[in-house]
Amino acid sequence: MEPKFWHDKWKSNQIGFHEEVFHPLLCRYWDALGIDTAATVFVPLCGKSKDMVWLRDRGHKVVGVELSEIAAQAFFDENNLPVECDQLGAFKRYRGGGYILLCGDVFDLTAAVLGRFAAVYDRAALIALPPGSRRSYIRHLQTLCRSGTLGLLITLSYPPDALSPPPFAVPVEEVEEIYANWCELTLLGMGAARVKGVAGSESVFGLCVR
Ligand SMILES: C[S@@+](CC[C@H](N)C(=O)[O-])C[C@H]1O[C@@H](n2cnc3c(N)ncnc32)[C@H](O)[C@@H]1O
């Protein structure tokens, strides 16, 4: 999708993907990954996700990347967090309370900016990207992780042509294929999900970068 697509969604508050509650699969599976709470968690395409609060409550520092400044500002406002803003390379950086939200394009984030991350949480990031960007996103994500990085990935699948994406359906087999050469991937669970009113399924994977 073009950045304008997402900027327009945020401007018009059409953010049906945003949940006011912590994601149940995050709550259920994160602790089992055994991630050191000293690890900063990278949250690509973070929106204003409450899941970042859950991770911070666990003790992790959180770094999110998000195109929309509306989302970043709302995250700090809605969670009553102090925030300071400055420019960090290509990004407007919002920081406070153990969170850093970088406003800009995830593809502009290199390991030279904040180093490589030891933990990653992807809910609705992979599935927000069209099929043509998926592999570049995965190649890019690799450059931001270190060997031994642990994380959780939540994806969606639904019948072909059942709705107009995003979100894009990413079947389990495709997830396994695109992660296979750089991660140990474990399918932790699957469940029914409604996607824009359509019956689909949600899958949660644990990952460990080789
Ligand atoms: C489907 S939403 C998911 C948001 C969040 N992960 C959640 O669970 O609520 C995808 C988000 O990615 C942002 N986004 C899309 N493309 C991006 C890019 N190339 N770089 C950074 N953020 C992007 C959008 O603005 C949108 O907020």
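The rules we used
- Residues numbered from 1 in each chain as written.
- Predicted model: local features only at pLDDT ≥ 70, side-chain atom pairs only at ≥ 80, totals over all residues.
- Heavy atoms only, no water.
- Helix = DSSP H or I, 4+ residues; strand = E, 2+ residues; numbered from the N terminus.
- Rg over C-alpha atoms; globule rule 2.2 N^0.38 Å.
- Buried < 20%, exposed > 50% of the residue type's maximum accessible area, 1.4 Å probe, protein only.
- Near = heavy atom within 4 Å.
- Polar contact = N/O pair within 3.5 Å; in protein donor to acceptor, adjacent residues only side chain to side chain.
- Areas by Shrake-Rupley, 256 points an atom, 1.4 Å probe, with all protein chains shown as cover.
- Nonpolar A, V, L, I, M, F, W, Y, C, P; charged D, E, K, R; others polar.
- Pairing = 2+ DSSP bridges.
- Axes fitted to C-alpha atoms, helices over the stretch in contact; angles between N-to-C directions.
- Disulfide = S-S within 2.5 Å.
- Contact = heavy atoms within 4.5 Å.
- Phe/Tyr/Trp six-rings, centres within 6.5 Å; stacked < 30°, edge-to-face > 60°.
- Core = buried A, V, L, I, M, F, W, Y, C linked by side-chain atoms within 4.5 Å.

Peer 1: An account of the overall build of the protein chain is needed here, citing residue identities and associated values.
Peer 2: In terms of helices and strands, the protein chain carries 7 helices and 9 strands. Computed over C-alpha atoms, the radius of gyration of the protein chain comes to 16 Å, within 12% of the 17 Å expected from 2.2 N^0.38 for 210 residues, which places it in the range of a compact globule. Its C-alpha atoms put the protein chain at 45 × 40 × 30 Å along the principal axes. Taken over 210 residues, the protein chain has a buried fraction of 49%.

Peer 1: I'd like a rundown of the site of the ligand, residues and numbers included.
Peer 2: What surrounds the ligand is a group of 15 residues, the closest being Trp 10, Leu 45, Glu 66, Val 106 and Arg 123. Contact between the ligand and Trp 10: an oxygen atom at 2.9 Å from a side-chain N or O atom of the residue. Calculation on the ligand without its partners gives an accessible area of 600 Å², and the protein chains cover 95% of this total. Taken together, the residues that form the shell around the ligand break down as 9 nonpolar, 3 polar and 3 charged.

Peer 1: Talk me through the pairing of strand E3 (residues 84–88); I want residue IDs and the actual numbers.
Peer 2: Pairing of E3 with strand E4 (residues 91–96), which is carried by 5 bridges, proceeds in the antiparallel orientation. Residue pairing across strands places Gln 87 opposite Lys 92, the latter belonging to E4. Counting the residues between successive antiparallel strands, the hairpin from E3 to E4 contains 2 residues, one of them, Gly 89, with a positive phi of roughly 60°.

Peer 1: Any chance you could break down the sheet that holds E4 for me, citing the residues and the numbers?
Peer 2: In space, the 9 strands of this open sheet follow the order E3-E4-E5-E2-E1-E6-E7-E9-E8, with mixed pairing throughout. Edge positions in the sheet fall to E3 and strand E8 (183–195), since each of these pairs with one other strand and no more. Direction aside, the axes of adjacent strands within the sheet are offset by 20° on average. When E8 meets strand E9 (residues 198–209), the two strands line up antiparallel, connected through 12 bridges. Each residue of the ladder has a partner; that of Leu 187, found in E9, is Phe 205.

Peer 1: Any chance you could break down the state of the cysteines for me, citing the residues and the numbers?
Peer 2: One pass over the structure, following the stated rule, counts 0 disulfides. Sulfur of Cys 46: no disulfide; nearest cysteine sulfur belongs to Cys 103 and is 7.7 Å away. Unpaired in terms of disulfides, Cys 183 finds its nearest cysteine sulfur in Cys 145, a separation of 7.1 Å.

Peer 1: Before we move on, could you go through the environment of Ala 193 and cite the residues and values that matter?
Peer 2: As for its position among the elements, Ala 193 is in strand E8. C-alpha of Ala 193 to C-alpha of Ser 203: the two residues are 10 residues apart in sequence and 9.4 Å apart in space. If we skip the residues at most four places from it in the chain, Ala 193 touches Leu 156, Val 198, Ala 199, Gly 200, Ser 201 and Glu 202.

Peer 1: How would you summarise the packing of aromatic side chains if you had to cite specific residues and measurements?
Peer 2: Two numbers describe a pair of aromatic rings. These are the distance of the centres and the angle of the planes. Scanning all chains against the criterion turns up 10 aromatic pairs. When the centroid spacing of 5.4 Å and the interplanar angle of 20° are considered together, the rings of Tyr 179 and Trp 182 count as stacked. Grouping residues by exposure puts Tyr 179 and Trp 182 together as buried. Taken together, the aromatic side chains of Phe 5, Trp 6, Trp 10 and Phe 17 make up a single cluster linked through ring pairs.

Peer 1: So what's going on with the nonpolar core? Residues and values would help.
Peer 2: For soluble globular proteins, nonpolar side chains are generally found buried alongside one another. Judged by nonpolar contacts, the single largest core of 36 residues is most densely connected at Phe 42, Leu 109, Leu 126, Leu 141, Tyr 179 and Trp 182. Elements with a contribution of two residues or more to this core: strand E2 (62–66), strand E5 (99–103), strand E6 (117–123), helix H6 (131–144), strand E7 (145–157), helix H7 (172–180), E8 and E9. In contact with Trp 182, other than residues within four places in its own chain, are Ile 138, Leu 141, Gln 142, Cys 145, Cys 208, Val 209 and Arg 210. Formed by 28 residues, the second largest nonpolar core is a distinct cluster that contains Trp 30, Cys 46, Val 53 and Tyr 121.

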